[in-house]
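Per-entry structural report
Letter by letter, the chains look like this.
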Amino acid sequence: MKQLASVLITGLLLGGCAPQAVQPMEDTVTQGRDLTDSDKDGVIAARDQCGDSVEQAKVNNEGCPNERIEQEAFELNVQFATASAQVREEQYADIRRLADFMRRYPKARVTIEGHASKVGNAEYNMALSQRRAEAIANVLVTQFYIDKNRVDAQGFGETQPLIDDESDRANEQNRRVIAFVSGEHGVTEKRWTIYSSEEQ
């Protein structure tokens, strides 16, 4: 009986090692999707909706970068003659820089603020600061072709002095025009790497 069992077990073992019929492989499937990542943001080209992300940009599942909204303030170095709101062409440098920024961020808006010193009548200074702010806004629109719907002007007169004094230095500092840019503009967030450092 033991011999019969031994023969049966040996037969089963040898049968398991017998050649098996091999099923032929199906036809090779060609990869039709673009799996490259040309901008190296971790999202393949087949589903990358923003294929020109800047290097190391932090992106969403569609490969589009995240932007951190920031407020920018430009102090415009435009000197006006006494009691004048005329902007001379040789003073366009800072306004051009602001216009370039607005073109880079086409959804951003800007408010031009005019401020005056305490020299003279407060009511007159309020109106003068408004005219000066409007003059710079007009240069942005007519000379640099920024859409007028993106540009506001507001005069504050002498109500927001940098130096609450009537010295020559205070008057010079308080006569200023500032551009505040707001809206959809910002800095592209970057992915963390071993070289990243915490902002102070």
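All values derive from a computational prediction rather than experimental measurement. (Residues numbered from 1 in each chain as written. Predicted model: local features only at pLDDT ≥ 70, side-chain atom pairs only at ≥ 80, totals over all residues. Heavy atoms only, no water.)

In this section: the overall build of the protein. Secondary structure assignment for the protein yields four helices and six strands. Helices (α) and strands (β) of the protein occur, in sequence order from the N terminus, as α-β-β-α-β-α-β-α-β-β. With 200 residues in all, the protein has 30% of them scored as buried. Residue pairs at least 24 apart in sequence account for 66% of intrachain contacts in the protein once pairs closer than 6 positions are excluded. Carbon and sulfur atoms provide 50% of the accessible area of the protein, an area that totals close to 14300 Å². (Helix = DSSP H or I, 4+ residues; strand = E, 2+ residues; numbered from the N terminus. Buried < 20%, exposed > 50% of the residue type's maximum accessible area, 1.4 Å probe, protein only. Contact = heavy atoms within 4.5 Å. Areas by Shrake-Rupley, 256 points an atom, 1.4 Å probe, with all protein chains shown as cover.)

Let's shift gears to helix α3 (residues 122–142). Counting along an α-helix, one turn takes 3.6 residues, and residues three or four places apart therefore face a common direction. Helix length check: α3, at 21 residues, gives a terminal C-alpha distance of 30 Å against a target of 30 Å (1.5 Å per residue), a fit within 8%. Those residues of α3 not exposed but buried are Asn-125, Leu-128, Ser-129, Arg-132, Ala-133, Ala-135, Ile-136, Ala-137, Val-139 and Leu-140. For α3, the N-terminal capping position is held by Asn-121, with its side-chain oxygen 2.8 Å away from the main-chain nitrogen of Glu-123. (Expected span 1.5 Å × (residues − 1). Polar contact = N/O pair within 3.5 Å; in protein donor to acceptor, adjacent residues only side chain to side chain.)

Looking now at the nonpolar core. Counting 27 residues, the largest nonpolar core has Leu-98 and Ile-112 as its most contacted members. Of all the elements in the fold, those that place two or more residues in this core are β2 (72–76), α2 (93–104), β3 (108–115), α3 and β5 (176–183). Considering every element that reaches this core, the biggest residue donor is α3, with six residues. (Core = buried A, V, L, I, M, F, W, Y, C linked by side-chain atoms within 4.5 Å.)

What follows covers the environment of Gly-155. In this structure, Gly-155 sits in strand β4 (residues 151–155). Expressed as a C-alpha distance, the spacing of Gly-155 and Asn-125, which sit 30 residues apart in the sequence, is 8.9 Å. Excluding its chain neighbours within four sequence positions, the residues that come into contact with Gly-155 are Gly-114, Met-126, Ser-129 and Gln-130.

Right, let's talk about the side chain of Glu-113 for a bit. As for its position among the elements, Glu-113 is in strand β3. Salt bridges are absent for the buried Glu-113, whose nearest opposite-charge side chain, Arg-176, sits at 6.2 Å. Aside from chain neighbours lying at most four places away, what touches Glu-113 is Ala-133, Gln-154, Phe-156, Arg-176, Val-177, Ile-178 and Phe-180. (Lys, Arg positive; Asp, Glu negative; His and termini not counted. Salt bridge = Lys/Arg side-chain N within 4 Å of Asp/Glu carboxyl O.)

In this section: the side chain of Asn-171. Position of Asn-171 among the secondary structure elements: in helix α4 (residues 168–174). Here Asn-171 is in contact with Ser-117, Lys-118, Val-119, Asp-165 and Glu-166, once residues within four sequence places are set aside.

In total, this model carries two aromatic pairs according to the counting rule given. Measuring from centroid to centroid gives 5.8 Å for Tyr-92 and Phe-144, while their planes differ by 65°, and the two rings are edge-to-face. One end of the pair, Tyr-92, is in the loop between β2 and α2; the other, Phe-144, is in the loop between α3 and β4, with 52 residues separating them in the sequence. Both residues of the pair, Tyr-92 and Phe-144, count as buried. (Phe/Tyr/Trp six-rings, centres within 6.5 Å; stacked < 30°, edge-to-face > 60°.)

Moving on: the pairing of β4. Relative to β4, β3 is paired through five bridges, and the arrangement is parallel. When the bridges of β4 are listed, Thr-111 appears paired with Asp-152. Assessed by its sense of winding, the connection that carries the chain from β3 through α3 to β4 is right-handed. (Pairing = 2+ DSSP bridges. Right-handed = clockwise from strand over helix to strand, strands pointing away.)

So, about the pattern of salt bridges. Throughout the structure, instances matching the rule amount to four salt bridges. Here Arg-88 makes a salt bridge to Glu-90, at a shortest N to O gap of 3.1 Å. With its nearest N and O atoms 2.8 Å apart, the salt bridge here joins Asp-152 to Arg-109. With Asp-152 in strand β4 and Arg-109 in strand β3, the pair connects residues that are 43 residues apart, well separated along the chain. On the basis of relative accessibility, which here comes to 34%, the residue Asp-152 falls in the partly exposed class.

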